[in-house]
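# Architecture and fold: a report
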Amino acid sequence: MIGLIFRKIFGSRNDREVKRLRPLVARINQIEQELQSQPESVLREKTAAWKARLSTIQDNDELKRELEALIPEAFAVVKNACRRLCGTDVEVRGHPIRWEMVPFDVQLIGGMGLHLGRIAEMATGEGKTLVGTMPVYLNALTGRGVHVVTVNDYLAARDSDWMGHVYTFLGLSVGCILHDQPPSVRREMYQCDITYGTNAEFGFDYLRDNGMATRKEEQVQRGHYFAIVDEVDSILIDEARTPLIISGPAVVSMDQKFVEFKPSVQRLVQAQQELCNRFLREAEALIPKLRPENGVPPKNAADLEQEIGMLLYRSKLGQPRSEGLMRVFEEPRNQQLVQRYEAQLLTDQSKKELYAQKEELFFAIEEKSHEADLTEKGRAHLSPNDPDAFVLPDLPTLYHQIDTSTELDAKGRMEAKGGIQAQFEEKAGVIHALSQLLKAYCLYERDVQYVVQDNKVIIVDEHTGRLMSGRRWSEGLHQAVEAKENVQIERETQTLATITIQNYFRLYTKLAGMTGTAETEAQEFFDIYKLGVLTIPTNRPNIRKDSNDTVYKTRREKYNAVLKELKELHAQGRPILVGTISVEASEMLSRMLKKEGIVHSVLNAKYHEQEAEIVARAGQKGSLTIATNMAGRGTDIKLGAGVAELGGLHVLCTERHESRRIDRQLRGRCSRQGDPGSSHFFISLEDDLMRLFGSERITKVMERMGLEEGQELEHPLLNRSIQTAQKRVEGHYFQQRKRTLEYDDVMNKQREVVYGFRNDIIHADDVRDRLMDIMEEVVLQKVEQFTHRDSEPGDWDIRGMADWVNLNFPLGMPEEEILKAARAGKVAPVEGSMFDGLSEAQFSVLNFISKSIRDSYELKVSFERIDALTNIERYTILDAIDRLWQEHLYGMDSLRNSIGLRAYGQRDPLIEYKAEAFKLFDALMVNIKSEICHNIFRSASSLMAFEQFLHNLPQTTTHETAAPFQDPASLAESSNLVSEANEVLSKAQPVHAVPRVGRNDVCPCGSGKKYKKCCGQ
Ligand SMILES: Nc1ncnc2c1ncn2[C@@H]1O[C@H](COP(=O)(O)OP(=O)(O)OP(=O)(O)O)[C@@H](O)[C@H]1O
Ligand SMILES: [Mg+2]
């Protein structure tokens, strides 16, 4: 309240910011007016001159200053270009559209907000598409490429066509990335000054460029300077829940386990159902005693309440979606009993009673967090004879026992540990499969979370309601659902390259976004992307009438009321847009309307182009459109003739969405640009949102107002309670996304290192230098392993050293020579060099081995065709990186799964994950280098085959999960020649992270020469 008064007096920070930009608006308009009397060619000349100047600036800060100074003039040039286009017909997606737009003042402010790296929140219909052109133009003058990101291909194509007329009028080039374009076209598009496309296309191109391309020429992107993300909330928040993944078939698969355990899980689910129904019946028998007909509460009311609360709680924990339970919960007082009981359980710090209640069941279902947890009782049911069958062995304790055992020798200990490890993995796999199957049975409902079509399980997107063909739930869940539905269990895929949306967009030097709805997620935008929100006032006042929400007890009553309102307004001829939160709901409503004989259209965000056309007509008199909230987003709805007089478009929503933002988006479909319009939300206590996150308060309010069958409730207080429920869900998902990101941040650092390494190799002119550097690093590491600084060379493991050399290089180096070299060592390595710390003897051995390898390699080179050699060398390195990196990704996937299981202990899984991931990565880098080293002498013989193999590598990426490789065998074969040595080398010790001087680095002695030409000679 106080805040509100303050804001009234001083204006909010947002208002002040907007105000600060006003003088610039005046300046832009003044310059634009002057331009009106100039010839058209002036605009193009200015553009060319600016571009010539700005594209030479390297320094980011300088560029920033220059661009900021140019805002008024550049924006004025765009505005003037728009004015000159007015009245002409421009072609958009094959249709002529009359250009009638000259940016309004608020649009200029929005454009400046974008340039300053903010999220411009501008209501739907305010013309954000046009707003984007000004900052896009200004930043494109740098020649570094500006990306405009849209939510679907249709909008990318539409906007690049539509706004393209402004850019080309000014002499800039514009391109658009579409799903089915080949790399050559993509590269051309990225070469344009401005490139439109969806986040998935941009992200996948990045992954292909950095994780898969083997030559410069195969890379299509040219850096990440500035991106403007349209519908920024949809992309940076909703889509950001799932990472972009390019995948191929997995090496290991769990299909068998699902088939094997399905019958037992089915029996278990059945047993649980019977159990929960019993609890429910017991509760139902007690309820009349608590509330007798005569209205006099019994003496033992408190005990009864406790008992009923407990029984209902159990039933909810065991079978949250059962119909019987829903029926009992129709009575708000019953819900209250459970809520009270649950609160009581949670106050106990030790959670003893909570666990005890869980143990009454075979398994517990956490509907909110989507977890299914087997209990002792459940384990006993599944495997009566072996109670430990589903308990993970305690590795640390068992290892300790082995380590302290006196009976085993070194080899025996290794084997024993290996045995336990294998047992652990096997059991972890089984437990994981069981838990996924339980989820599949208890939390995933057919036609809600997924549909079954053509012998396939297809995910239904929970936010948009659209079918996500080709996308799969991860960690085996998809297969578990396939097992449940008796459809073909598809092979699990494994990640070949992946990045989260968050980390992709963090690559940009500058980022900005626009949407109608950002405010509610402002915190997340700031925390994750460092994006501030700037709310821009509307061009004309918004006159939409928003009714209070109307609440009903049951879904049935709600839909009856919905139908009533629809019929009334439809009879008046008012256009109506009905928003639903799922495909299921929109289809049900459609059936109801059909029965009534009312003509309508249904959109499920499946065919963007076609649906955009239907949505565009949703404002015509008498039209009735049912749409999931995502359908037609970004498409303009213009009111038909006579509609304004009737009150404009009415938006009717059949449910509150989990996120307030999505509701606001839906409301915003009407009353665009000052049009009249209205909106109304219908809610029932049976809606998931109310069931899962509705507070006790709502139940109380309902009770106080005494809600009867068929009655409805409506009150501003109620709106607030519902919003609180939504806020809770939003918070929950934010935490989830943050968690995903925290995990991906670990991966992100690794990805940066590996992609950096790859790019180094791809772009280096002389790969041989790098190759020899790597060789030397590995030799150094081996020298450190087999020899010792402080002991006499005679005591070293010279045999081990020689074996390693001869196994990897065609040198036939005798042990005596190594010893001889050691004894001849007189020179110590340079201080601060990568060899610092070696003794003279060690350093001499290192030089001797490195030189032998180098000489021998020179010899080999003399037989090769020099032009082909660079490519061979490049491939040798890339092949090792890619294969091992992919194996590593697989390992990281498994690590994440198993960490989830370990979380049963008291440890923080993220910390565990980080520690383990670090170890794995360390080992990966060692292995990559060792493998490269090993391959130096082996890669030339089959160049043709090798090159062909690499070129034929299919890189099909559809959406989040891509189609598998056509021929996985070819992948495996190519690596045969290197895998045996890798076995041996993989046991190598990790490289220590001491700063080291590379052969091509500046020499630490200060001579200014390269190390290899100076002290490293
Ligand atoms: N300056 C302008 N003058 C006249 N008409 C304009 C102007 N700017 C935008 N419009 C019109 O406003 C309508 C809405 O534009 P646009 O689709 O860009 O809005 P939006 O803000 O992106 O909406 P949404 O949030 O639905 O994506 C279009 O028909 C466009 O032609
Ligand atoms: Mg738009």
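Residues numbered from 1 in each chain as written. Chains lettered and ligands numbered in written order. Predicted model: local features only at pLDDT ≥ 70, side-chain atom pairs only at ≥ 80, totals over all residues. Heavy atoms only, no water.

### Describing the site of ligand 1
Definition in use: For this description, a residue counts as near a given molecule or strand if any of its non-hydrogen atoms is within 4 Å of it. By the criterion applied in these results, polar contacts are pairs of N or O atoms within 3.5 Å in which, for protein atoms, one can donate a hydrogen and the other can accept it, and in which residues neighboring in sequence qualify only through two side-chain atoms. Under the convention used here, a 1.4 Å probe and the Shrake-Rupley method define accessible areas, while residue burial counts only the protein chains that appear. Definitions used for this entry: grid spacing 1 Å over protein atoms alone; cavity, a set of points where a 1.4 Å probe fits but cannot get out; pocket, an open set with protein on both sides within 12 Å along at least 5 of 7 lines; lining residue, one with an atom within 4 Å of a point. A cavity or pocket is said to hold a molecule if more than half of that molecule's atoms lie within 2 Å of its grid points. Under the scheme applied here, ten amino acids are nonpolar (Ala, Val, Leu, Ile, Met, Phe, Trp, Tyr, Cys and Pro), four are charged (Asp, Glu, Lys and Arg), and all others, including Gly, are polar.
Neighbouring ligand 1 are 21 residues; Val102, Gly125, Thr129, Asp636 and Lys638 lie closest to it. In this structure, an oxygen atom belonging to ligand 1 sits 3.3 Å away from a main-chain N or O atom of glutamate 126. In the complex, 89% of the free accessible area of ligand 1, which totals 640 Å², lies under the protein chains. Most atoms of ligand 1, that is more than half of them, are within 2 Å of grid points of the second largest pocket. Each residue belonging to the shell around ligand 1 can be placed in one class, and the counts come to 7 nonpolar, 7 polar and 7 charged.

### Remarks on the confidence of the model for the chain
Stated precisely, the cut-off is as follows: Values of pLDDT, which run from 0 to 100, indicate the predictor's confidence residue by residue. Contacts are assigned to residue pairs with any non-hydrogen atoms lying within 4.5 Å of each other.
Per-chain confidence: the chain averages 83 in pLDDT, with 87% of residues scoring 70 or above. Counted against residues more than four places away or in other chains, residues 940-997, with its pLDDT under 50, gives 109 contacts.

### A closer look at the environment of aspartate 159
Put simply, the test is: The way it works is that DSSP assigns letters per residue, a run of H or I at least four long becomes a helix, a run of E at least two long becomes a strand, and they are numbered from the N terminus.
Positionally, aspartate 159 belongs in helix α7 (residues 153-169). In this structure the C-alpha to C-alpha distance between aspartate 159 and valine 92, which are 67 residues apart in sequence, comes to 8.2 Å. Aspartate 159 has contacts with Thr129, Thr150, Gly164, Tyr196 and Asp230, leaving out every residue within four places of it along the chain.

### A few points about the pairing of strand β10 (residues 371-374)
Successive residues of a regular strand alternate their side chains across the two faces of the sheet. The test is simple: Burial classification: accessible surface area is computed with a 1.4 Å probe over protein chains only, and a residue below 20% of its type maximum counts as buried, one above 50% as exposed, and the rest as partly exposed. Strands are labelled as partners when DSSP assigns at least two bridges between them.
In β10, alternate side chains face the same way, and those of Ala372 and Leu374 are buried while those of Glu371 and Asp373 on the opposite face are not. Here strand β9 (residues 363-366) hands over to β10 after 4 residues, with histidine 370 in that stretch at a positive phi of 55 degrees.

### A short note on the sheet that holds strand β5 (residues 174-176)
Adjacent strands of a sheet pair through backbone hydrogen bonds, lying either parallel or antiparallel. Using the following cut-off: Axis lines are fitted through C-alpha atoms, for helices just across the contact stretch, and the angle between N-to-C directions can take any value from 0 to 180 degrees.
Spatially, 7 strands are ordered β5-β6-β4-β7-β15-β3-β16 in an open sheet, and the strand pairing comes out parallel. The open sheet has two edge strands with one neighbour each: β5 and β16 (532-535). Each adjacent strand pair in this sheet contributes to an overall mean axis angle of 20 degrees, direction not counted. Inspection of the sheet shows strand β4 (residues 146-150) paired to strand β7 (residues 226-230) by 4 bridges, in the parallel sense. Directly across from valine 146, in β7, lies its bridge partner phenylalanine 226. Relative to β16, helix α2 (residues 13-36) is tilted by about 70 degrees, and along the sheet it contacts β3 (118-121) and β16.

### Topic: α2
Let me state the cut-off plainly: Between the first and last residue of a helix there are one fewer steps than residues, each counted as 1.5 Å, and that sum is the expected span. Here the bend at each residue means the angle between axes fitted to two seven-residue stretches, the one ending at that residue and the one beginning there.
With 24 residues, α2 ought to run about 34 Å at 1.5 Å a step, and its terminal C-alpha atoms sit 35 Å apart, in line with that. Approximately 30 degrees is the largest bend angle found in α2, and it occurs at proline 23. Along α2, the positions that sit buried rather than exposed are Asn14, Glu17, Val18, Leu21, Val25, Ile28, Ile31, Glu32 and Leu35. Taken together, the buried residues of α2 touch α3 (41-54), α4 (60-85), α5 (105-115), β3 and β16.

### What about helix α8 (residues 183-191)?
Side chains that are three or four residues apart share a direction in an α-helix, a result of its 3.6 residues per turn. Just so we agree on the cut-off: The directions from the helix axis to the C-beta atoms are what the arc is built from.
Burial in α8 covers these residues: Arg186, Met189 and Tyr190. The buried residues of α8 occupy an angular sector of 95 degrees when projected down its axis, which confines them to one face. Next to the buried residues of α8 lie β4, β5, β6 (194-198) and α9 (199-211).

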